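# Report on the structure
One letter stands for each residue in the lines below.
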Amino acid sequence: MDLRRYERLGLDDVAARVLNGERLNAEDGLRLFDCPDVTAVGELAHHRRTELHGDKVFFVRNRHINYTNVCVNRCTFCAYHRDPGQEGGFTLDARTVLAKLAADAAPPREIHIVGGCHPDLRLEYFEDLLGRLRRTFPEAVLKCFTAVEIAHFATLEGISTREVLTRLQAAGLSMLPGGGAEVFAEDVRAKICPRKIDGTEWLRIHGEAHELGLATNCTLLFGHLESRADRVDHLLQLRAQQDATGGFTCFIPLPFLTENSRLKVDNPLDGLEELRTIAVSRLLLDNVPHVKAYWVMLGVKQAQAALFFGADDFDGTVVEEKIGHMAGADSAQALWRRDIEEMIRGCGLTPVERDTLFREVA
Ligand code: V47
Ligand code: SF4
């Protein structure tokens, strides 16, 4: 790495901290965001990512299922949900979920299930679903339900989130996906997801899951009304939670897709701002092992570029995705394992198949 480059950019102290493995602070994060040379920021993040994972890029044979789009929350950015009773709403019963999985070419190693906050689906429905999945696909890790859904189930049942997590864990749940975090800044949340749990509650539920032995992921939704300072603050809150409870496996930066959304933004993201945000995330989140280039939201080509801006994971085969595609994602619905490996090799990097917990599989 040419350190004179960082001297010229006035970032030699930040670069030195990265090279020495020292923690960056909020001001460092903002200076990286302000740096006129995005490739310099990318090089630092790539250095960190390479220290952690060499030239490996992870992927998983997974299957996404969205069990309902009916949701009481009405987040303004969300093109996916329908109000209860509204045309276009759907809810899958357990048999349909199992039939979808049975129709796939091969059983998945990970089953990722999320949905809207449905007003009538009770906890027994989810316990039954997890139990059937556990019995039918014993090899698959069940990564299901965001903290927002967990809080919703607790409200519907009149029980604590700890009790919800414990019951779902007993039914077969192993991990929570990272959705629903959006951005923690309260003034922004009031405009984009006013009915959702706040950031403190989102973090508390993840901490609780970690204490119960459930791994979780974490996300940032960016490119809507938030400032760069809000992104930095969000990342540092995730980092503090990780210091406290340590169960975050992977961070997923989610660029906001604007189509079919009620939320109108003045300055939609450009590609370099996406890459810059991924790079700053890698550098600030020094205690979360993995950063995902989620090809569904980024698009496959930008996901490849993200592998040089701090990301080390390509997510997986996905098979059927609704949340991003209803918001205009122009990526495919599914990628074959062979396509993923080819794309990673095309970047000069080494594809490594993993399970949900990032254990390498043969
Ligand atoms: O929580 C909704 C986001 C999330 C839009 O944990 C949008 O492994 C962009 O969290 N534009 C769900 N993003 C997706 C998610 C996820 C995906 C893949 C893997 C994992 C994991 C988690 O998608 C929602 C919300 O933050 N979202 N609408 C949109 N228009
Ligand atoms: Fe509901 Fe999730 Fe969409 Fe918000 S983002 S409206 S909670 S489905």
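Heads up: these notes are all about the structure in this document. (Residues numbered from 1 in each chain as written. Chains lettered and ligands numbered in written order. Predicted model: local features only at pLDDT ≥ 70, side-chain atom pairs only at ≥ 80, totals over all residues. Heavy atoms only, no water.)

### Description of the site of ligand 1
Just so we agree on the cut-off: Definition of nearness: a residue and a molecule or strand are near each other if at least one heavy atom of the residue lies within 4 Å of the molecule or strand. Two N or O atoms form a polar contact when they lie within 3.5 Å of each other; inside protein one atom must be a possible hydrogen donor and the other a possible acceptor, and for residues adjacent in sequence the pair counts only when both atoms belong to side chains. Only the protein chains shown count as cover for residues, and all accessible areas are computed by the Shrake-Rupley method using a 1.4 Å probe. The way it works is a 1 Å grid over only the protein atoms, where trapped points that fit a 1.4 Å probe form a cavity and open points with protein on both sides within 12 Å along at least five of seven lines form a pocket, and then any residue with an atom within 4 Å of a point lines it. Pocket occupancy is defined atom-wise: a molecule lies in a cavity or pocket when more than half of its atoms are within 2 Å of its grid points.
Taken together, 23 residues are adjacent to ligand 1, and Lys143, Gly178, Gly180, Glu182 and Leu257 come closest. Contacts to ligand 1 include Gly178, whose backbone N or O atom sits 2.8 Å from an oxygen atom. Lys292 places a side-chain nitrogen or oxygen 3.2 Å from an oxygen atom of ligand 1. Against a free-state accessible area of 620 Å², the protein chains account for coverage of 95% of ligand 1. Placement of ligand 1 is best described as lying within the largest cavity.

### Topic: empty space enclosed by the protein
The rolling of a water-molecule-sized probe over the atoms marks out the regions of remaining empty space. This is how the line gets drawn: Grid points are joined across faces, edges and corners, and a volume is the space filled by probe spheres set on the points. Only DSSP runs of H or I reaching four residues or more are called helices, and only runs of E reaching two or more are called strands; each is numbered from the N terminus. In this count, Pro and Cys sit with the nonpolar residues alongside Ala, Val, Leu, Ile, Met, Phe, Trp and Tyr, while Asp, Glu, Lys and Arg are called charged and the others, Gly among them, polar.
Under the definition given, this model contains 1 cavity of 30 Å³ or more. As a volume, the largest cavity reaches approximately 790 Å³. Lining the largest cavity are 42 residues, with Gly179, Gly180, Glu182, Leu254 and Ile323 positioned closest to its centre. Of all the secondary-structure elements, those providing two or more residues to the lining of the largest cavity are β2 (62-66), β3 (110-114), α7 (147-157), β6 (215-222) and β7 (248-255). When its residues are assigned to classes, the lining of the largest cavity shows 20 nonpolar, 14 polar and 8 charged.

### As for the site of ligand 2
As a structural note, the neighbourhood of ligand 2 is formed by Cys71, Asn73, Arg74, Cys75, Phe77, Cys78, Tyr80, His81, Gly116 and Lys196. Taken atom by atom, the bulk of ligand 2 overlaps the largest cavity. When grouped by side-chain class, the residues that make up the shell around ligand 2 number 5 nonpolar, 3 polar and 2 charged.

### Focus on the sheet that holds strand β1 (residues 56-60)
The cut-off we apply is this: A pair of strands is labelled paired if DSSP reports no fewer than 2 bridges between them. Inter-axis angles, ranging from 0 to 180 degrees, are taken between N-to-C directions of lines fitted to C-alpha atoms, where helices are fitted over the stretch in contact.
Here we have 3 strands laid out as an open sheet, ordered β9-β1-β10, and parallel in their pairing. The sheet is open, and its two edges are formed by β9 (313-316) and β10 (350-353), each paired on a single side. Ignoring strand direction, the axes of neighbouring strands in this sheet form an average angle of 25 degrees. Pairing of β1 with β9, which is carried by 2 bridges, proceeds in the parallel orientation. The partner of Phe58 across the bridge, within β9, is Asp313.

All quantities given are derived from atomic positions and should not be read as evidence of function.
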